[in-house]
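Overview (structure and organization)
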Amino acid sequence: MRFMLLFSRQGKLRLQKWYVPLGDQEKRRLGRELVQTILGRKAKMCSFLEWRDLKVVYKRYASLYFCCAIEEQDNELITLEVIHRYVELLDKYFGSVCELDIIFNFEKAYFILDEFLLGGEAQETSKKSVLKAIEQADQLQEVRAVYLPRPLIPLISQAF
Amino acid sequence: MALKIVKGSIDRMFDKNLQDLVRGIRNHKEDEAKYISTCIDEIKQELKQDNIAVKANAVCKLTYLQMLGYDVSWAAFNIVEVMSSSKFTYKRIGYLAASQCFHESTDVIMLTTNQIRKDLSSPNQYDTGVALTGLSCFVTPDLARDLANDIMTLMSHTKPYIRKKAVLIMYKVFLKYPESLRPAFPRLKEKLEDPDPGVQSAAVNVICELARRNPKNYLSLAPLFFKLMTSSTNNWVLIKIIKLFGALTPLEPRLCHSTSQMSFLFFLSPWLSPSSLSTSNSTSAMSLLYECVNTVILCVQKLRILIEDSDQNLKYLGLLAMSKILKTHPKSVQSHKDLILQCLDDKDESIRLRALDLLYGMVSKKNLMEIVKKLMLHVDKAEGTTYRDELLTKIIDICSQSNYQYITNFEWYISILVELTRLEGTRHGHLIASQMLDVAIRVKAIREFAVAQMATLLDNAHLLTGNTQRNGICEVLYAAAWICGEFSEHLENPMQTLEAMLRPKVATLPGHIQAVYVQNAAKLFATVLRSQEGNTDRTAAQETSQLMIDRLPLFVQSANLEVQERASCILQLVKYIQKLQQKDVEVAEEVNALFAGELNPVAPKAQKKVPVPEGLDLDAWINEPPSESESEDEKPRTMFTREETKHSRPRHTEVDEKELAKRREVRKQEQASNPFYIKSSPSSQKVYQEAPGVDHIPVVQIDLSVPLKVPGLPMSDQYVKLEEERRQKDRADKKKKEKKKRKEKGGRRGKRDSGPESEEDITPAHMVDIVTEEMPPTAICRSVSLVPPLNSPPCVPSTCQKSSKHKKKKQKKEKEEKDKKKKKKHHHHRHHSDGAGEESVQNGTVEEEEEPLPTISDAPTCSLASPPPFRQVCDIQGNLQDGSQVVVSLIFENKCDSFLKAMEFNVLDSLNSRLQRPDGAGPHDGLTVPFQLPPGVSNEARFVFTVKSIVMPQKLKGTLAFIVKNEDSSTHEKLDFKLHFTCTSYLITTPCYSDAFAKLLESGDLKASSVKLEGVVMPFPHLLARICFHHHFSVVERIDSCASMYSRSIQGHHVCLLVKTADQTVSIDAKCDEPSLLSNVLDEIKLTFSQC
């Protein structure tokens, strides 16, 4: 996997993870271009598109788009599975996750992603062990009051 | 100190945390940028504090801002500070920030090496984990080199959590620091059998990725992977393993079978039936499934399930996979045409596009119309121009693929094209236009129909141009106007079309289309005149002229130069015609002669078959680019100063202003002192530039002599007669030829097309070259010429006419060639049958001395007697660039039924002439002919000879050794021949103007000589043409029965002739600066005429 982007229906970036080292400007440019392309597609269209020399797999959950860029030889369906697995993890961690959870706790979203994928490859396929690792790491962290605006539309119930 | 800490924590209470920042940004939607810049100022303040908690908070906020697209690279050092905090809370934030913000060119990265190493060896597995995660994002070659060992150790960590991360990150390390692969690999391999499934899957991942880059090193792991594949329950791992096998199969075919089937299973399993995976775990179920999914056909059938699925994603992937199969197994996919046509109706555009891609491969003669009909329906329905344009291009692609292979009825195709013009706002007007032109030109039988359709189109042009947004489609009018003009003889009502083409509305079209309108209006005018002059009533013709005169001024005023120029030319012409008409002169024939000649297609590869002359670099500048004005007058000058050309050719150094001015000065002086520089003469160069066929063939620019179109030569009228004669003869020969043609057809396909010459279609032998494939019996149109015209006439209709004039000349030349051969006693029947093969004439610029050499009687060693096994034709051609070089082009034709190979060409060098051999070859070594000859095939090879003196003719003896290969045996054969270098072959046709010619004669440097020919019965023009053709002269001036002629040798000798004729006696007075050359040339001329 080359990179993963989360963005809202308005095109606001919510999370980005690049597994290839690129300059900030390049990242911004690619991100903007891809977001526009995907938002331009109709709801009933399939989740795959060929974009530049990559394949892009995306899926919309409620107001949030999850989008991964993969290489020519990679498997689209398993990438969809990766996306879904990540949403499930977020959901389990935050308890019916919604877009605002990710906005306000974006570092947590990153930590979960990092436990799940490493260097663009799936690191741990078991949801349980990912969550266990995150919880234990969190315990090491000082307890901080986390502001959780509740409840908006839970993502997982709104997969498109 | 204590105070500081207290102060710090108090400050902290008022600091914004991440949540506050996010909320703040959301509350300041209007002035977000301003709000964020204040936040960044705050963050800068926070970063200045010593308190690590404050710093971490600031860094966390920065990470967020970075995502929003703000530059935070200035805080890189602070990020490193936070990374090195001993507290996990902050370390985690620091590493996150680093992984988001750092990239390879971030220079602080090298400060982190020790910190990371410390974290990697931390007793806390989460410290290690966070360091590994961060490293995976920003690892640089330096970091990889320094930390490879530490990470390798971690691969054997006690905790699987660390092991799997370490294994995965090794892949990144390998990429950045490949040397680490060798020492790490054994341990990596061990991890394939790690007790923890996570670690195992990580190892599979890494090895798969590595194998994809370099499969053959991993072949030895196949058994291990096979074991994993059958034992693993993890989908993710299985997919990776199958990918790995996919990479290995090209190297180990035995894996192929299992892989294709496995991959298919697992590809489907997670989606189609979750249970299938569980069954496939047991080996027995596996083998069962192996049996089931046995062939590609079956695979395709399984793909059908995918495509029929309601899930858009599966449908898409199914089509995608099918298009991959289509490439290798088109037949198996074709049976699913129904399904794919169904997909064209899908609501998802991306699926429709995929289906369109597939259609391309599944059309056949039978179903093409049906498919296109369906696509046309979609065109009507399609919303959005992109998809519709895509459909349009696909329709044209499908129909035109492999030279219209699948079209059985061209009338249908033309109507489809006409229907497509009704599309609004398409960008592909030019595509439709070029198809129309292509079909109309190449399919003769369709012309009548096409012209009728195009006339309707022109008549309704307002429908196409009415809306400015429809601009793209008006390109079609370009094609319509040209077709109507060029093939106007097929028009039912030319007058009406002419009227339509001259409507004032036309002036709103783009310039290039208007230009075509104007030009073709003239062609139509000619046609109309012809039909009207036949009537007794002359007024109609005059009215037509009046119509032209009334309407053309509109175009004369056009802002477009091309339109203006053509319109004013034609307007004046029509005015003149009108004058003649008023005097009751019949003009139609003359007007029609303006556009006489027919366009004929040439094979697309014809140009390629013209070999690039040795030493010619097509990319090099011939003249320095900036000196455009110079190059024009430079060329005539170089006729007389040979050294100049040598230098100016390959050089393309930059020339500065000063240098240019200097050169200009030098040139002016040279010109002033050069008696041969004639300013008043029209530039011959210009004339060529306009003739497309000549212009874009680079050969012309090298061989500066230009016999094809010598300016000021009053020869074209002479040629008309010759042409007539030739055609008559051709007609007479036709029957004989057709018989032969039928026999030779098979062999001729592989034969080379001889450049632009084969455009001429009167000789049936050429027809074979052009029409290389005939339509099936079901076809309505008998045949398509599969070869678009080389000159691309449709694009430049105005110049087409010119090129057709060229053609005429060429035809004449060919004709002359034949004449000559006939008279030269050499078995002329053979020449006729091989007309196409002999024309190695390149664009008419080649000076050929046809020397059909060894006849079969000369080849004593040939045992394959009856059909002569071998035949050579040669041209000897002087190389203008180098006065001592002569290029001999030899056409070898295999006339027997055996395969000829290993041909070796050798000539016994004389003192004067020497075959140029590659460096290192001995003086008696032969040259290998760079091709082999299957039966019936001919090919051309070129050999360069160095000649010292050109004043004497000479003959060189040579041999051609070759191997004749039959089915069961192969024998060595030898063929002896003689190469005859005549003095004429050293002459190059060079145009000369009468004033320069006069000066040359006056100069007194030339020695005179003369010769008388008795009993020459041919008309004077023919005689001149003969001398021009055979001896490379050009006519300078002709007055009644007296003409002056000029030619120049490759070494720059001027040869002037004064030819007079009276009562079957021709006297030639000649002058040349080299007496012996002159006498030899005269002897050769005499010989030519004695053979008449």
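The name given to chain B in an unreviewed UniProt entry is Adaptor related protein complex 3 subunit delta 1, and the organism recorded there is Gadus morhua. Heading Subcellular location (unreviewed entry) of the UniProt record for chain B holds this comment: "Endomembrane system".

Looking at an unreviewed UniProt entry, one finds chain A named AP complex subunit sigma, with Gadus morhua as its source organism. Checking UniProt for chain A, the heading Sequence similarities (unreviewed entry) contains the comment "Belongs to the adaptor complexes small subunit family."

We now examine the overall build of chain A. Broken down by element type, chain A carries five helices and seven strands. Along its sequence from the N terminus, chain A presents helices and strands in the succession β-β-α-β-β-β-α-α-α-β-β-α. For chain A, the proportion of its 160 residues judged to be buried stands at 62%. Put simply, of all contacts in chain A between residues at least 6 apart along the chain, 55% involve residues at least 24 apart.

Within chain B, the regular secondary structure consists of 49 helices and 14 strands. Of all 1092 residues assigned to chain B, the portion counted as buried reaches 55%. Partitioning the contacts of chain B with sequence separation of at least 6, the portion at a separation of at least 24 is 70%. Counting only carbon and sulfur atoms, one obtains 53% of the accessible surface of chain B, whose full area is about 48,000 Å².

On to a nonpolar patch on the surface, then. A contiguous nonpolar patch, built from Phe77, Met110 and Leu111 of chain B and spanning about 350 Å² of accessible area, is present on the exposed surface. The exposure class of Leu111 of chain B is partly exposed, given its relative accessible area of 49%.

Before going further, it helps to spend a moment on the nonpolar core. In terms of nonpolar packing, the biggest core is built from 273 residues, with Phe66 and Tyr86 of chain A together with Phe102 of chain B touching the most fellow members. At 12 residues, helix α31 (residues 511–533) of chain B tops the list of elements feeding residues into this core. Not counting chain neighbours up to four residues away, the residues in contact with Tyr86 of chain A comprise Met4, Leu6, Leu15, Phe66, Ala109, Tyr110, Ile112, Leu113 and Phe116 of chain A. Counting 31 residues, the second largest nonpolar core, distinct from the first, contains Leu890, Leu900, Ile950 and Ile1050 of chain B.

Residue and element names in this part refer to chain A. If you trace the five strands from one edge of the open sheet to the other, you get β2-β1-β5-β4-β3, paired in antiparallel fashion. Each edge of the open sheet is held by one strand with a lone partner, namely β2 (13–18) and β3 (48–51). Averaged over all adjacent pairs, the angle separating strand axes in this sheet is 20°, with direction ignored. As paired elements, strand β1 (residues 3–8) and strand β5 (residues 64–70) share six bridges and run antiparallel to each other. Bridge pairing in β5 links Leu5 to Cys67.

Before going further, it helps to spend a moment on the environment of Ile83 of chain A. Residues and elements named next belong to chain A. One can find Ile83 in helix α2 (residues 76–94). A relative accessible area of 0% places Ile83 in the buried class. Discounting residues that sit within four places of it in the chain, Ile83 has contacts with Met4, Val57, Tyr58, Lys59, Tyr61, Phe66 and Cys68.

Looking now at the pattern of salt bridges. On inspection of all chains with the given rule, the structure shows 40 salt bridges over all chains. The shortest N-O distance in the salt bridge between Asp74 of chain A and Arg212 of chain B comes to 3.3 Å. Placement of Asp74 of chain A in the loop between β5 and α2 and of Arg212 of chain B in helix α12 (residues 197–213) is noted, with the two residues assigned to different chains. One continuous salt-bridge network, built from bridges that share partners, spans Arg2, Glu71 and Asp74 of chain A together with Glu209 and Arg212 of chain B.

Another point: the interface of chain A and chain B. Taken together, the contacts link 64 residues of chain A with 61 residues of chain B. Taken together, the two surfaces of chain A and chain B that pack against each other cover about 5,900 Å², and 56% of this comes from carbon and sulfur. Summed over the shared surface of chain A and chain B, the result is seven salt bridges. We note a salt bridge from Arg212 of chain B to Glu71 of chain A, for which the minimum N-O separation is 3.6 Å. If you look at where chain A meets chain B, you find 17 residue pairs in polar contact (both at pLDDT 80 or more). Those elements that place two or more of their residues in the side of chain A that touches chain B are β2, α1 (24–39), β3, α2, α3 (99–104), α4 (106–116), β7 (121–122) and α5 (127–140) of chain A. In terms of residue count, the dominant contributor to the side of chain A that touches chain B is α4 of chain A (eight residues). Partitioning the side of chain A that touches chain B into residue classes produces 28 nonpolar, 11 polar and 25 charged.

Turning our eyes to something else, we now look at the side chain of Arg447 of chain B. All names here are of chain B. With respect to the helices, strands and loops of the structure, Arg447 is situated in helix α27 (residues 447–459). You can call Arg447 buried: its relative accessible area is 4%. If we ignore the near neighbours within four places in the chain, the residues touching Arg447 are Ala440, Ile441, Phe487, His490, Glu598 and Leu599.

Our focus in this paragraph is the pairing of strand β11 (residues 1034–1039) of chain B. Residues and elements named next belong to chain B. Where β11 meets strand β12 (residues 1042–1049), five bridges bridge the pair, whose relative direction is antiparallel. Directly across from Glu1037, in β12, lies its bridge partner Ser1044. Taking the residues that link successive antiparallel strands as the turn, the β11-β12 hairpin has two residues, and the phi of Asp1040 there is positive, at about 50°.

This next bit is on helix α22 (residues 349–362) of chain B. When the terminal C-alpha atoms of α22 of chain B are compared, their 20 Å separation across 14 residues agrees well with the 20 Å that a helix rising 1.5 Å per residue should span. Turning to α22 of chain B, its buried residues are Ser350, Ile351, Arg352, Arg354, Ala355, Leu356, Leu358, Leu359 and Met362 of chain B.

Right, let's talk about the packing of aromatic side chains for a bit. Enumeration according to the criterion identifies 20 aromatic pairs over all chains in this entry. Each ring, one from Phe106 of chain A and one from Tyr64 of chain B, has its centre 5.1 Å from the other, and the planes form 80°; the classification is edge-to-face. Of the two residues, Phe106 of chain A is situated in helix α4 and Tyr64 of chain B in helix α4 (residues 52–67); the pairing between them involves two chains. Residue Tyr64 of chain B is classed as buried on the basis of its relative accessible area of 4%. Plain terms: the ring middles of Phe905 of chain B and Phe977 of chain B are 5.5 Å apart, the flat faces sit at 20° to each other, and that makes the pair stacked. You can see Phe905 of chain B sitting in strand β3 (residues 899–907) and its partner Phe977 of chain B sitting in strand β8 (residues 970–981), a full 72 residues away along the chain. The class of Phe905 of chain B is buried, set by a relative accessible area of 0%.

It is worth spelling out the sheet that holds strand β5 (residues 927–928) of chain B at this point. Residues and elements named next belong to chain B. Sheet architecture is open: four strands sit in the order β5-β3-β7-β8, paired in antiparallel fashion. Looking at which strands have only one partner, the edges of the open sheet turn out to be β5 and β8. Note: strand β7 (residues 954–965) against β8, 12 bridges, orientation antiparallel. Each residue of the ladder has a partner; that of Thr959, found in β8, is Asp976.

Residues and elements named next belong to chain B. Residue placement: Gln916 occurs in the loop between β4 (913–915) and β5. Assessed through its relative accessible area of 30%, Gln916 is described here as partly exposed. Put simply, Gln916 and Phe945 are 29 residues apart on the chain and 5.4 Å apart in space, counted from C-alpha to C-alpha.

What follows concerns unusual backbone geometry. Glycine aside, the phi torsion of most residues is negative, and most peptide linkages are trans. Residues and elements named next belong to chain A. Backbone geometry places Ala62, a non-glycine residue, at a positive phi of 50°. Following the sequence through the fold, Ala62 ends up in the loop between β4 (54–61) and β5. In the Ramachandran plot, Ser96 falls in the positive-phi region, its phi being about 30° despite a non-glycine side chain. Ser96 sits in the partly exposed class, given a relative accessible area of 37%.

Calculation rules
Residues numbered from 1 in each chain as written. Chains lettered and ligands numbered in written order. Predicted model: local features only at pLDDT ≥ 70, side-chain atom pairs only at ≥ 80, totals over all residues. Heavy atoms only, no water. UniProt positions renumbered as here; feature names shortened; annotations may be inferred. Helix = DSSP H or I, 4+ residues; strand = E, 2+ residues; numbered from the N terminus. Buried < 20%, exposed > 50% of the residue type's maximum accessible area, 1.4 Å probe, protein only. Contact = heavy atoms within 4.5 Å. Areas by Shrake-Rupley, 256 points an atom, 1.4 Å probe, with all protein chains shown as cover. Patch = residues over 30% accessible without salt bridge, like charges linked within 9 Å, V, L, I, M, F, W, Y side chains within 5 Å. Salt bridge = Lys/Arg side-chain N within 4 Å of Asp/Glu carboxyl O. Core = buried A, V, L, I, M, F, W, Y, C linked by side-chain atoms within 4.5 Å. Pairing = 2+ DSSP bridges. Axes fitted to C-alpha atoms, helices over the stretch in contact; angles between N-to-C directions. Buried area = accessible area lost by both parts, 1.4 Å probe. Polar contact = N/O pair within 3.5 Å; in protein donor to acceptor, adjacent residues only side chain to side chain. Nonpolar A, V, L, I, M, F, W, Y, C, P; charged D, E, K, R; others polar. Expected span 1.5 Å × (residues − 1). Phe/Tyr/Trp six-rings, centres within 6.5 Å; stacked < 30°, edge-to-face > 60°.

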